[in-house]
Amino acid sequence: MDALKKGWFSEICTLWPGMCLSLEVEEILHSEKSKYQDIMVLKTKSHGRVLTLDGIIQCTEADEFSYQEMISYLPLCSHPCPKKVLIIGGGDGGVAREVAKHPDVETIIQCEIDQRVVELSKEFLPFMATGFENPKLSLHIGDGFKFMGEHQREFDVIITDSSDPVGPAEALFEERYFHLMKNALRDGGIICSQAENIWGGSGLDIANRVYKYCQTLFSSAAYGYCLVPTYPTGLIGFVLGSLDSKTNFKEPLRILSNEEQEQMKLRYYSPDIHRSAFVLPRFARKVME
Ligand code: SAM
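Everything numeric in this text was worked out from a predicted model, so none of it was measured. (Residues numbered from 1 in each chain as written. Predicted model: local features only at pLDDT ≥ 70, side-chain atom pairs only at ≥ 80, totals over all residues. Heavy atoms only, no water.)

A. Representation of the sheet that holds strand E10 (residues 155–161) in the model. Strands sit in the order E9-E8-E7-E10-E11-E13-E12 across an open sheet of 7 strands; the sheet is mixed. The outermost strands of the open sheet, each flanked by one partner alone, are strand E9 (137–141) and strand E12 (220–227). The sheet shows a mean angle of 15 degrees between the axes of neighbouring strands, taken without regard to direction. Across 5 bridges, the pairing between strand E7 (residues 84–89) and E10 is parallel. From the neighbouring strand, Leu86 faces E10, where its bridge partner is Ile158. Sheet strands touched by helix H6 (residues 175–184): E7, E10, strand E11 (185–194) and strand E13 (235–242). Its angle to E11, the strand with the most contacts, is close to 145 degrees. (Pairing = 2+ DSSP bridges. Helix = DSSP H or I, 4+ residues; strand = E, 2+ residues; numbered from the N terminus. Axes fitted to C-alpha atoms, helices over the stretch in contact; angles between N-to-C directions. Contact = heavy atoms within 4.5 Å.)

Shown next, in the form of structure tokens:
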């Protein structure tokens, strides 16, 4: 089956056998093969602009805010003072956009492997690529795994906003990468990584595997999730790890007031959503705990 057929894009991936999400396409705005992956930007009937890499949906204009806010504020609001933040991946700019809004963040370093994703996001996804314009941000083009190995005791928070573990992001789901992240953190530092979902295909296996790395390596760890209708099974999870044993991910340390939430134009994250993100259904809890 072709990914593009009769005006519809279908996300077909070996990680989720026998199922796919389809979106009706109004226009293919761009399509190319970069050094690392196939990149497409589509204009869809129901979800606005959509970025796909190797045929996998990375973000849609309609629901991207949920993922960007949660992968950013779950770790940032669990840290007492997240001044220096590292983002790995995140070529669309959405995570940088959110991290820069947090009142305590002073410096953001980002390492994305594919310059073309950044350039095309600036051209076609300006609502996300605003993140790259923030003066707090320094962008480095390179492999996140290698970058991590070159930095020690530097960051308060490390966010890995990677694509799925097939292609260039595979190494970002390996145990060695979690060791490198641990070494790159300052005292009391926190990591947060994209960690698939708790439902079918390979989702729960991957989520559980990376969660176990965090449980083994960090003084406290948690798995949370958020709702994103255009990701496989309608949700996506995150693993979090802290060097501080007192970190309780389930209760935000930094409570953003209603006024701050309005000023930051948050649409998904709130302190209540933060708490609820870590409440797992019984079947998933049994596997993860
Ligand atoms: N939110 C999305 C998701 O979960 O599907 C991820 C979006 S973001 C566009 C993923 C980015 O990770 C891509 O731009 C990709 O180029 C980047 N990436 C993949 N492997 C990488 C690596 N080894 N180092 C740095 N960036 C990487």
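Okay, back to it.
B. Spotlight on the environment of Arg254. Turning to its location among the elements, Arg254 is positioned in the loop between E13 and helix H8 (258–263). The spatial distance from the C-alpha of Arg254 to the C-alpha of Asp104 is 10.0 Å, given a sequence separation of 150 residues.

C. Seen up close, the pairing of strand E3 (residues 22–33). In this sheet, E3 lies alongside strand E2 (residues 8–10) in antiparallel orientation, the contact comprising 3 bridges. From the neighbouring strand, Trp8 faces E3, where its bridge partner is Glu24. A loop of 4 residues connects E3 with strand E4 (residues 38–44), the two strands running antiparallel in sequence.

D. Local environment of the packing of aromatic side chains. In this structure the tally under the stated criterion is 7 aromatic pairs. A ring pair is formed by Tyr67 and Tyr231, whose centres lie 5.7 Å apart and whose planes are at 85 degrees; its orientation type is edge-to-face. Of this pair, Tyr67 sits in helix H1 (residues 64–76) while Tyr231 is found in the loop between E12 and E13, placing the two residues 164 residues apart along the sequence. Residue classification places Tyr67 among the buried residues on the basis of a relative accessible area of 3%. In this structure Tyr231 comes out as buried when scored by relative accessible area, which is 10%. Considering the side-chain rings of Tyr177 and Phe178, the 6.1 Å spacing of their centres and the 90 degrees angle between planes classify their relative orientation as edge-to-face. For the pair Tyr177 and Phe178, one class covers both residues: buried. Ring-pair connections join several aromatic residues into one group, and the members of that group are Phe145, Tyr177, Phe178 and Tyr213. A cation over a ring is seen here: Arg267 above Phe65, with NZ or CZ 4.0 Å from the ring centre. (Phe/Tyr/Trp six-rings, centres within 6.5 Å; stacked < 30°, edge-to-face > 60°. Buried < 20%, exposed > 50% of the residue type's maximum accessible area, 1.4 Å probe, protein only. Lys NZ or Arg CZ within 6 Å of the ring centre and 35° of its normal.)

E. The site of the ligand, seen in detail. Taken together, 26 residues lie near the ligand, and Gln37, Glu112, Asp143, Gly144 and Tyr231 sit nearest. Contact between the ligand and Pro168: a nitrogen atom at 3.0 Å from a main-chain N or O atom of the residue. The fraction of the free accessible surface of the ligand (600 Å²) that becomes covered by protein chains is 99%. For the shell around the ligand, the secondary-structure elements that each account for two or more residues are strand E6 (56–60) and strand E8 (107–112). Partitioning the shell around the ligand into residue classes produces 11 nonpolar, 10 polar and 5 charged. (Near = heavy atom within 4 Å. Polar contact = N/O pair within 3.5 Å; in protein donor to acceptor, adjacent residues only side chain to side chain. Areas by Shrake-Rupley, 256 points an atom, 1.4 Å probe, with all protein chains shown as cover. Nonpolar A, V, L, I, M, F, W, Y, C, P; charged D, E, K, R; others polar.)

F. Here's a closer look at the sheet that holds E2. In space, the 6 strands of this open sheet follow the order E1-E2-E3-E4-E5-E6, with antiparallel pairing throughout. The open sheet is flanked by strand E1 (4–5) and E6, the only strands paired with a single partner. Two strands pair when backbone bridges link them, and E4 and strand E5 (residues 48–53) are joined in this way by 6 bridges, in the antiparallel orientation. Bridging from a neighbouring strand, Leu42 pairs with Val50 of E5. Against the sheet, helix H3 (residues 115–124) makes contact with E3, E4 and E5, and its axis sits at roughly 125 degrees relative to E3, the strand it touches most.

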